[in-house]
Amino acid sequence: MDPPKWILLFCGKRKSGKDFVTSIIQQRLGSSVCAILRLSGPLKEQYAKEHGLDFRRLLDASGYKEKFREDMIRWGEEKRNADPGYFCRLIVRDVPQPVWIVSDARRGSDVEWFRCRYQLQTRTVRVQASEESRRERGWVYTAGIDDAESECGLDQGVAFDWTISNDSDGPLLEEQLERVLRGVQDCLQL
């Protein structure tokens, strides 16, 4: 299988709109060209197996996931401490599309893993939204979650290639998405 031509690592706080933004980009590029990869997918799947939980419900934006979030974060940290690339390796197996979007990079070790293996292809994108916008989307500050590495690990020490402000301003969001899409399309024409 050919290596990817372009990798976009997305990060941002809970309810900043990472999934919304990445799904728009995938729609514009097409699913035959662009795959959305979620580091949280294999983490949630294994956590669900080990704890007898409903994996599908851990994937959605429901309150079900929130009940287990803190313990799931702790469990995921234990896995990452033992092997920082564990979840990264799982999501990139057998991905045929030339563009990969990692929709939920959360730690420096995630960025480092992709940059070490795919240095020329990897770009980083920060999605940010005001606390007011995040609250409108259902976010409530939770100690032990919103101040944990899974939310704050990329607040410093990463120079992002793009920052997207996602505060419900359609035209502004469109302009920001166009910059990212131009970068991908330029790469694909090489």
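Notes on the structure follow. Values in this document were obtained by computation on a predicted structure and should not be read as measured data.

1. Side note on the overall build of the chain
Turning to step 1, where the next piece is worked out: A count of helical and extended segments in the chain gives 9 helices and 5 strands.
Turning to step 2, where the next piece is worked out: Element order for the chain, N to C, with α for helix and β for strand: β-α-β-α-α-α-α-β-α-β-α-α-β-α.
Turning to step 3, where the next piece is worked out: A compact globule built from 190 residues would reach a C-alpha radius of gyration of about 16 Å, and the chain, at 16 Å, matches this within 12%.
Turning to step 4, where the next piece is worked out: Along the three orthogonal principal directions, the C-alpha set of the chain runs to about 45 × 40 × 30 Å.

2. Quick look at the environment of D167
Turning to step 1, where the next piece is worked out: Turning to its location among the elements, D167 is positioned in the loop between β5 (162–165) and α9 (170–188).
Turning to step 2, where the next piece is worked out: With relative accessibility at 31%, the residue D167 sits in the partly exposed group.
Turning to step 3, where the next piece is worked out: Once the C-alpha coordinates of D167 and R134 are considered, the two residues, 33 residues apart in sequence, prove to be 8.5 Å apart.
Turning to step 4, where the next piece is worked out: Of the polar contacts made by the side chain of D167, one reaches the backbone nitrogen of S130; its length is 2.8 Å.

3. Details of the environment of V95
Turning to step 1, where the next piece is worked out: Position of V95 relative to the elements: it lies in the loop between α5 (86–92) and β3 (99–102).
Turning to step 2, where the next piece is worked out: Measuring from C-alpha to C-alpha, the distance between V95 and P4 comes to 8.5 Å, with 91 residues separating the pair along the chain.
Turning to step 3, where the next piece is worked out: Excluding residues within four positions of it along the chain, V95 makes contact with M1, A35, L37 and W100.

The rules we used
Residue positions are counted from 1 within each chain, in the order its sequence is given. Residues qualify for local features only when their pLDDT is at least 70, as the model is predicted, and side-chain atom pairs are given and counted only at 80 or more; totals for whole chains, interfaces and linings, by contrast, use all residues. Note that the side-chain values use all heavy atoms of the structure and ignore hydrogens as well as water. Here a helix means four or more residues in a row that DSSP labels H or I, a strand means two or more in a row labelled E, and each is numbered from the N terminus. As a reference, a globule follows 2.2 Å times the number of residues to the power 0.38, and the radius of gyration itself is taken over C-alpha atoms. In this scheme, a residue with accessible area under 20% of its type's maximum is buried, one over 50% is exposed, and one in between is partly exposed, where area comes from a 1.4 Å probe on protein chains only. For the purposes of these results, a polar contact is taken to be a pair of N or O atoms within 3.5 Å, where, inside protein, one atom must be able to donate a hydrogen and its partner to accept one; residues adjacent in sequence count only when each atom of the pair is a side-chain atom. The contact criterion used is simple: two residues touch if any of their non-hydrogen atoms lie within 4.5 Å.

Read these as spatial facts, not as claims about activity.
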